[in-house]
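# Remarks on the overall topology
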Amino acid sequence: MNPQFMEEAIRLSFEKSFDGQGGPFGAVIVKDNRIIARGWNRVLVKNDPTCHAEMEAIRAACKELGDYNLAGCSIYINCEPCPMCLAALYWAGIEKIYFAATRKDAAELGFADEFIYQELQLEPDKRKLPMEQVMHKQAVEVFRKWNTLEGKIIY
């Protein structure tokens with residue numbers, strides 16, 4: 001753990017949120033002991049609820065490396081990632097997450113992180129956001145056909 005990287009994530013969270021770009025969240029992605037990407041919450045300026053600091057940093061790192069896989073990288077985040085960002089970090093292949101504040105700290109400010117973590121533990125029909133499964137057979141048929149493709153890449 002390099003405290004300078006966490007300091008940069010915290011600096012971004014402060015500077016960019018007080019510029020009105022979004023919530024107080026910042027992240028840096030590190031590879032070979034150097035920052036390759038920075039991200040901060042841009043939900044408000046992009047009118048996009050997925051523009052969390054981690055998502056922005058992942059996008060920038062993938063562009064920098066020319067790869068969707070961030071193997072060999074770690075991320076420093078000023079707050080424990082929300083469920084969306086945590087899932088994206090898994091998908092991206094990040095090898096280590098360092099975080100400062102917790103999702104409970106974010107919940108105290110009114111952010112939905114903790115609520116969503118709780119919802120994900122429920123069966124789909126028990127969640128507050130209604131879900132209904134439809135057209136399963138047709139969807140699985142596409143999966144079946146895709147599975148026969150030569151050279152497909154599973155990530």
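Source: prediction; values computed, not measured.

### Quick word on the packing of aromatic side chains
Tallied over the entire structure, the rule returns 6 aromatic pairs. Arranged with centres 5.3 Å apart and planes meeting at 65°, the rings of Phe5 and Tyr76 form a pair that is edge-to-face. You can see Phe5 sitting in helix 1 (residues 3-18) and its partner Tyr76 sitting in strand 3 (residues 73-79), a full 71 residues away along the chain. Note on accessibility: Phe5 and Tyr76 belong to one class, buried. Put simply, the rings of Phe5, Tyr76 and Tyr98 pair up and form one aromatic cluster.

### Notes on unusual backbone geometry
Excluding glycine, most residues fall at negative phi; most peptide bonds, likewise, are trans. Here Asn33, not a glycine, exhibits a phi torsion of approximately 60°, which is positive. Non-glycine residue Asn47 carries a positive phi angle of around 50°. Within the element layout of this structure, Asn47 appears in the loop between helix 2 (43-46) and helix 3 (53-65). What makes Asn47 exposed here is its relative accessible area of 69%.

The rules behind each value
Residues numbered from 1 in each chain as written. Predicted model: local features only at pLDDT ≥ 70, side-chain atom pairs only at ≥ 80, totals over all residues. Heavy atoms only, no water. Phe/Tyr/Trp six-rings, centres within 6.5 Å; stacked < 30°, edge-to-face > 60°. Helix = DSSP H or I, 4+ residues; strand = E, 2+ residues; numbered from the N terminus. Buried < 20%, exposed > 50% of the residue type's maximum accessible area, 1.4 Å probe, protein only.

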